[in-house]
Structure formats: structure tokens, C-alpha cells
Amino acid sequence: MMLTSLAFLLGIVVLQHCEVLPAPAWGVLLLLFVPLSIAFRALRLPLLIFCGFLWALLQAHGQLYPELSQQWEGNDLMVEGVIASIPQNRGRAVRFLFDLDRVSHAGGRQDEFPRRIRLSWYGSTQILHLAQRWKFTVRLKRPRGFKNPGGFDYERWLFAQGIRATGYVRGGEGAVLLTDRVSSRPVDLLRRTLADHITQALGDESNRGVITALTIGDRSAMSPQQWRLLLSTGTNHLLAISGLHIGLVAGLIYFLVLRMWSLAGQLCLKWPAPRIAAIAAIGAGCGYAMLAGFSVPTQRAAIMLCVVMGAVLLNRTKRAVHTLALALMVVLIWDSLAVLSAGFWLSFAAVALIFYAIVDRLSEQRLWWRWGRVQWVLAIGLFPLTLILFQRVSLVAPIANLFAVPWVGMLIVPLTLMGSLLATVSTVAGEFVLGVASALLDVFWVGLDWLADFPMAQWHHLPPLWALMPAIPGLILLLAPRGWPGRWLGLVLFSPLVLTSPSKPAPGDYWVTLLDVGQGLSMVIETRNHTLVYDAGARFSEYFNAGEAVVAPYLRARGVRTVDLLVISHGDNDHIGGADAIMHRLKVARVLTSVPEQLEHPSIDICVAGMRWHWDGVDFEVLHPAEQWQGSKNDQSCVLFLQGAGGSMLITGDIESKAEQRLTTVYQDRLASDIMLIPHHGSRSSSTSDFLEQVAPRLALLSVGSHNRFHLPAQQVLGRYEALGARVLDTVNYGAIGVSISLGRGLEIRPGFRQSDKRYWSAGSIDIQSPR
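Since we're looking at a predicted model, the values are computed, not measured.

**Student:** It is not clear to me how the sheet that holds strand β23 (residues 639-644) should be interpreted in this structure. Could you clarify?
**Tutor:** In sheet architecture, strand pairing relies on hydrogen bonds along the backbone and comes in two forms, parallel and antiparallel. Within the open sheet, the 7 strands sit side by side as β21-β22-β23-β24-β25-β26-β27. Their pairing is mixed. Two strands in the sheet have a free side with no partner beyond their single neighbour: β21 (612-615) and β27 (727-730). If you compare each strand with its neighbour and ignore which way they point, the axes differ by 20° on average. Set on the sheet, helix α23 (residues 657-667) makes contact with β22 (618-624) and β23; between it and β22 the angle comes to about 120°.

Next up, the structure:
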């Protein structure tokens, strides 16, 4: 049974690595392969691989289409539909999911449109609620996110959630509330009611967001500080309703009903207690999943619960591994796209580890010893997956989860659910119970704060994927029963996972990576033993900035522990916004900037023309601004010139024509560079003809956002680079762009990350044809 499920899983995984989906007509072959796999045992496994591939193909087409027509991107559209999620306040914007019923525009009405979109409403004065029907004027675009090594794949997440367009409410004056409570959505109305009662009971209390998250799965009110604390202690899974929560609630109800029904006497003879308890557990677990909005993780957990309890109802006693295999198969048939979620892999891996390393060896041990061993096994067993998926692992997680899981699962969750439901009947009783849950959460935070202060509480590392292959048999040996020969070999097989590190440039060479931060700028320059970060991207809100979401994950993926120099060219948000996050997440040895008053760091200098330094055979020089220079904010940008054995580069920030004229006059032919960062994102105010003739770049890099409101880059500016014969690469079409400058090979362009990481759900990319 396990091999059958794994073969089906393999076929699904293969499809998820396709750049282009085959035609859905291939799915017809399922009608042939399924009966053949049943009839011919010898061919079952390869046929099931094909079945998994074809089944995933059909579901992927169903998820991918219909999509937003490209010609409608950026146009005003009139939409009608229902708010499908609890609206999230994100600074000056409110964000929510919207299920479309109708789309129209000036040219008529569209018959094919995405079923679900994600909208933001900036400056809204309306109070939005789940299950309201609205009419909006919106502007939409196809799903697109930043594409960087080590970064979060927003496009994949949108696809897995069934969101096929994003956008914003246009204006707001024409927005019309059509229906306040859509009666056809009773589950959404119940969730809305519970959320309102929690808000009424707790007000602005800091734990309100956590209690809302544990009751209905809405985590939008949780603060960034709370999330960081959970991540650093490896307890973030406790505040996202998933298999753990549903299993705890279902298990609690199962044993409670089993005990009570066993006292019923004659009823047990007619309806056995285990079956009645199983029915109650299914009802409780599925009911909790319903409160969470039947999100993808809760759907998966509910299916697994039904499989396990179904065996009890049918009085079928199977081995634990067979039950796990059956649950895996049912989950994959229900939703093959579950493999795109990290939670899918972690949840099944956790259960498999418990079955392998614990279940058969704990019958004579005490409860707390067993619980401690569970945490130890999970910490070791999930270590490889956690590193591959998240680039980090919490070293204090086993200790934190030792007390946090029972504290949250056995105390806080039951009280939260009880208090929320009581609040709908009695406000006073509900407030009291929720207040007790909040007090227990205060104790929870104190414990996590103490653990998070430990040195090396969190370790960051991104191993190569191949290191996972020896790590898996290494884990099997390490967690094997005592007495197995060669258990020490597990450490040898495990070692590549923690000892491998990314390659570095040779002395005299340097590597440049222009990160995809949207409408902003961040660039990383690596020499043999040093790392320079030029600009940090934008701060979009209290909850999101490019420094934390893009730059820091990329540096960790590259094995960078210390940024030797952080250069902030000037004070515009799209360049300085992520700087604080970088300085908090990584060690920054020194900061160089034209706006020292906007940054806090113990070692900060003002960039002035004439500053020079030498790293590992590569020369760096500040060309601008000059001392006492007077110009616009953009013209204050720090301009750097790099010279290595294999070529040179000019990094320009946001300089405009005045600064370009000074550079042309002062440096003349010294400006000549192999690579150039296009100034000011390709604005008309920059890239003057005289300046470009002096620089004469072979390659011009452009950091710009898709469908940005400034309509950059200007086409006439791109024409100037084309006239010079310079090749232009931008982050919109290529994602993160990497260039190697070496003595032996000169200038080498690595494939853009949007190209190398392309999947069938990805936004469009352009291939980089020539590496030179």
C-alpha cells in the first residue's frame, strides 16, 4: 500500500516541475492506466506513476484556468462578487479574497474570468466583512511575485490557493454594498459572527489576533513581532490550524465520548462505544476545519482524520503504516496540488517518523519520557526538510514544543473554542473564558521570549538539494532501534546537509546579483571573502519589506553571515526601506550612505567621491557625490565603480542628468564600464546621451516593477541603450539576474531566476540565450 501511494505521489511531483502543462486531453489515458494497474501487478508501480501525473494534470488545468486575459491587465473593470475571507488591515490598505460573479467593462462583458481574486482597497473608509456582496471598479493583473533564490514563491502560493488574479479597488466612490450578509454562505457567516464576538470580548488586547487565529484560522491580526517569536522558537505551527489542532480536538472528543458511552450499559451492546466515539471525533474535527474556512491544511487534516476513524467505524484493524499510506492516497486524490505546500510534506513526514521511531518502543515508558522522545525524534527527523523548505531551523524547538504543544493544544485551544461559542450566547461568560485563554497565552509568550534569547536559538543554512538524498538513509540509521549495526554511519550520511556551503568567486573575480524587489533596488556584490549590499529595496508596510522578504533570505541562501558593507544610495523608500530589516536580521559591519541621519548603526560613514578600498583583488571607488555637492535627493545617490581582473561595473543609484553631467565632466573616459546599472529605473530624467557614450556598457541592468505606476522604463531611454549596442536585462522579465566577472571568462550572465525556476503556473519570462 505504501509503495502504491508513493508511486502515485512521484507522478504528481514530476508534473509540478513542468514548465508547460501538457494538453488536458492526455487525461483520457487514466481510463486505460487505472484498470491496467489493477489487473497487472508487475506493472502497477510504473502505471501508478503515470496515473499520478495525469491526475495532477487534470487538476492543474482546473486550477489554472480560466485566467485573466492579458489585454485586460491594468484596465478598469466593473466586478460583482462576495468577500471570501476576513478582510485584513495592512496599514493604509485592506486586503481580502473576492469570489467573482460578474465582470464587465466598457467594451461589454467577459464570459471567462478567474473564480477567485485577491484585492487591496487603499484608503478605504468602509467597514468590510466576510460574506458581503459588493460591486467595485478594479484594476487587475495576472499573479506575479518577486523571483529570487531563497525567497518566498508568491506565485506558487497564489496558484495553490486558487487565486488567479490580484489587483486593487479603483477610487472607491463607485463601490456599492449590494448585500450585507449572503445567506448562501452559512459557514462564512458563522465565522464572521465568531470573529465579531472575539473582537467585542477582547477589544484591542494583544492576544486577540492569536485567539482569532486559533478559532477561525484568521491570522491577520497577529503582530509581526509575535510571528518572529514563533518562528525563532519553531512553534509557528501551533498558531495555524492544521492537523495538530484538528487531531487534538478530535482525539479529546473521541476519548471523552468513548468514556461516557462506555457507562451507558445496554446502549454499548447495540452501538459499540468506539464507533460512536469515532463518529463524534469526525464531527468535531470536521467542524473545527469548517470554522477555519476549510483551508487547504484543514482539508488535508480532515481527510486524514476520516481515514483513521473510518477504520474504527468499519472495525478494520490495519497496521499504522497502511493507514498512513491510505490517508496519503486519499489526500492526493482529493487535492494533488497539496504537494506544493510545505505543510503537506512536514505533516506526513512527522507522522511517518513517529510510526517508525516511536510507536513500537514506548509501551513501558512513562508519559513524559515518551513525549520528550517524540519531540527529539521530530527535531532530528524534520531537520533536513525544514532546512530545505525554510533555510532555517530552530535549535530550541524541541524544548519549546515540549511545553508549548500541550499548553496550547490541551488548554488554550479548548478554552478558545469554548469561549468563542459561549460568547454567541452569553457575552459575560464568553469574555471570562476568553480572558482565561488570553492569560494562558501571556504565560506562553513569556516562555518563548526566554527561549528565543538563547544564543543560536535559530540557525540559518540552505543546503543543496542533493544533500537530501544521503540524509534520508542517514536519518533511518540514526533513528533505528538500539542494536542496529552501523548506526554511526547515519552521522556520515547526514553531514553533507550541514557542512556544504555555496561556492565563492576566485580572488580577483566578483559576482553581481541584481535582486528582484519590484519597483526599487537592491544589489549584492560578492568577492572571495567579502559581501557588499547596495540598497535594500522598499518598505511596503509594517508587515512587509524587501529587506526581510528578499535580501536577507538571498544572503542566507548564499551562506553570508556578515554583510561587510551596506551601501544605501539615498533616502527614497524604494532604496532605504528594507535597510533596518537587513541590519536586524544579519550582522552588518559598516554602512556607507548619503543620508546618515536616516539610519542607525554604530559604524556609519557618508559616501564621498574619492573613497577607495580593495577587496580580494577587486577595486572599489566612490565617484559621487562630491563633497559639498548640492543637488536633488536622487542626485545625492552614492555612485560606485568596481574594477576586477575580468571587467568593470558602474552602479548609479537614482542619479539624474545633473549628476550625470558632473560625472561625465570629471571622469570622462574613466567611466567606461562593461556593466552598468541603469540610473533611476530607466526614467526620462536620467541616461543622457553624453553620459551613456562615456560609459559605453556592454550590459545594462534594470531594476523595475511590473505595471508600476510611474510607467518605467521610458521607451526612449531603452532606445538609447539599444543604439549603443548594450544588452538590457530587467527584473520584470528575468527575476533576479546574476553576472559573474572573472579573469578567464570575462563577463558571464547566469540564467535569470524567473527562467531557471520557471513552472507552468509562473508569470512570463524571457530566456537568456547567450551566457557571454
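From this point, things continue past the structure.
**Student:** Where do I start with the state of the cysteines in this structure?
**Tutor:** Cysteine pairs can be covalently joined through their sulfur atoms, and such a bond is termed a disulfide. Within this structure, the stated rule accounts for 1 disulfide. The disulfide partner of cysteine 607 is cysteine 638, and the S-S distance across this bridge is 1.9 Å. Its torsion about the S-S bond being -75°, the disulfide of cysteine 607 and cysteine 638 is classed as left-handed. Here cysteine 638 lies in the loop between β22 and β23 and cysteine 607 lies in the loop between β20 (604-606) and β21, a separation of 31 residues in the sequence. Cysteine 51 takes part in no disulfide bond, and the closest cysteine sulfur to it belongs to cysteine 18, at a distance of 16 Å. Free cysteine cysteine 306: the closest other cysteine sulfur is in cysteine 286, separated by 4.0 Å.

**Student:** Would you explain the layout of surface pockets in this entry?
**Tutor:** It is a probe the size of a water molecule, rolled over the atoms, that shows where empty space is left. Reported here for the second largest pocket is a volume of approximately 620 Å³. Lining the second largest pocket are 27 residues, and of these Ile86, Pro87, Asn89, Thr199 and Arg208 sit closest to its centre. Within the residue set of the lining of the second largest pocket, elements represented by two or more residues are β2 (88-90), α5 (186-202) and α6 (208-216). In terms of residue count, the dominant contributor to the lining of the second largest pocket is α5 (4 residues). Of the residues contributing to the lining of the second largest pocket, the split by class is 10 nonpolar, 11 polar and 6 charged.

**Student:** Help me understand unusual backbone geometry, please; the structure alone is not making it clear to me.
**Tutor:** For residues other than glycine, phi is negative in most cases, and the peptide bonds are mostly trans. Cis rather than trans, the peptide bond between tyrosine 65 and proline 66 has omega equal to 0°. Counting through the fold element by element, proline 66 comes out in the loop between α3 (44-64) and β1 (76-83). Note the cis peptide between histidine 624 and proline 625, where omega equals 5°. In this fold, proline 625 is placed in the loop between β22 and β23. The phi angle at aspartate 616 is positive, at roughly 50°, despite the residue not being glycine. With respect to the helices and strands, aspartate 616 occurs in the loop between β21 and β22. Judged by its relative accessible area of 18%, aspartate 616 falls in the buried class. The phi torsion at histidine 680 lies on the positive side, around 50°, for a residue other than glycine. Within the secondary structure, histidine 680 sits in the loop between β25 (675-677) and α24 (689-695).

**Student:** Just to check I follow, could you spell out helix α12 (residues 320-334) for this structure?
**Tutor:** An α-helical turn contains 3.6 residues, so any two residues separated by three or four positions project in the same direction. Look at α12: 21 Å from first C-alpha to last across 15 residues, which is about the 21 Å you get at 1.5 Å a residue. Taken together, the buried positions of α12 are Thr323, Leu324, Ala325, Ala327, Leu328, Met329, Val331 and Leu332.

**Student:** Looking at this structure, I do not really get the packing of aromatic side chains. What am I missing?
**Tutor:** To describe a pair of aromatic rings, you give the distance between the ring centres and the angle between the ring planes. Applying the stated criterion across every chain, the model contains 24 aromatic pairs. Between phenylalanine 98 and phenylalanine 136, the ring centres sit 5.3 Å apart and the planes meet at 50°, which makes this aromatic pair tilted. Pair noted here: phenylalanine 98 is in strand β3 (residues 93-105) and phenylalanine 136 is in strand β6 (residues 133-141), with a separation of 38 residues, a long-range link. Both residues of the pair, phenylalanine 98 and phenylalanine 136, belong to the buried class. Each ring, one from phenylalanine 383 and one from phenylalanine 494, has its centre 5.8 Å from the other, and the planes form 45°; the classification is tilted. Of this pair, phenylalanine 383 sits in helix α15 (residues 383-390) while phenylalanine 494 sits in helix α19 (residues 489-499), placing them 111 residues apart in sequence.

**Student:** Hey, could you run me through the sheet that holds strand β17 (residues 565-568) in this one?
**Tutor:** Strand order in the open sheet formed by 8 strands is β20-β19-β17-β13-β12-β11-β28-β29, with mixed pairing between adjacent strands. Strands at the two margins of the open sheet, each flanked by one partner only, are β20 and β29 (746-749). Each neighbouring strand pair of the sheet contributes to a mean axis angle of 20°, computed without reference to strand direction. Here strand β13 (residues 531-534) runs beside β17; their pairing, made up of 3 bridges, is parallel. Residue pairing in the sheet places tyrosine 534 in a bridge with valine 567 of β17.

Criteria and cut-off values
Residues numbered from 1 in each chain as written. Predicted model: local features only at pLDDT ≥ 70, side-chain atom pairs only at ≥ 80, totals over all residues. Heavy atoms only, no water. Pairing = 2+ DSSP bridges. Helix = DSSP H or I, 4+ residues; strand = E, 2+ residues; numbered from the N terminus. Axes fitted to C-alpha atoms, helices over the stretch in contact; angles between N-to-C directions. Contact = heavy atoms within 4.5 Å. Disulfide = S-S within 2.5 Å. 1 Å grid on protein atoms, 1.4 Å probe; cavity = no way out; pocket = protein on both sides within 12 Å on 5 of 7 lines; lining within 4 Å. Points joined across faces, edges and corners; volume = space filled by probe spheres on them. Nonpolar A, V, L, I, M, F, W, Y, C, P; charged D, E, K, R; others polar. Buried < 20%, exposed > 50% of the residue type's maximum accessible area, 1.4 Å probe, protein only. Expected span 1.5 Å × (residues − 1). Phe/Tyr/Trp six-rings, centres within 6.5 Å; stacked < 30°, edge-to-face > 60°.

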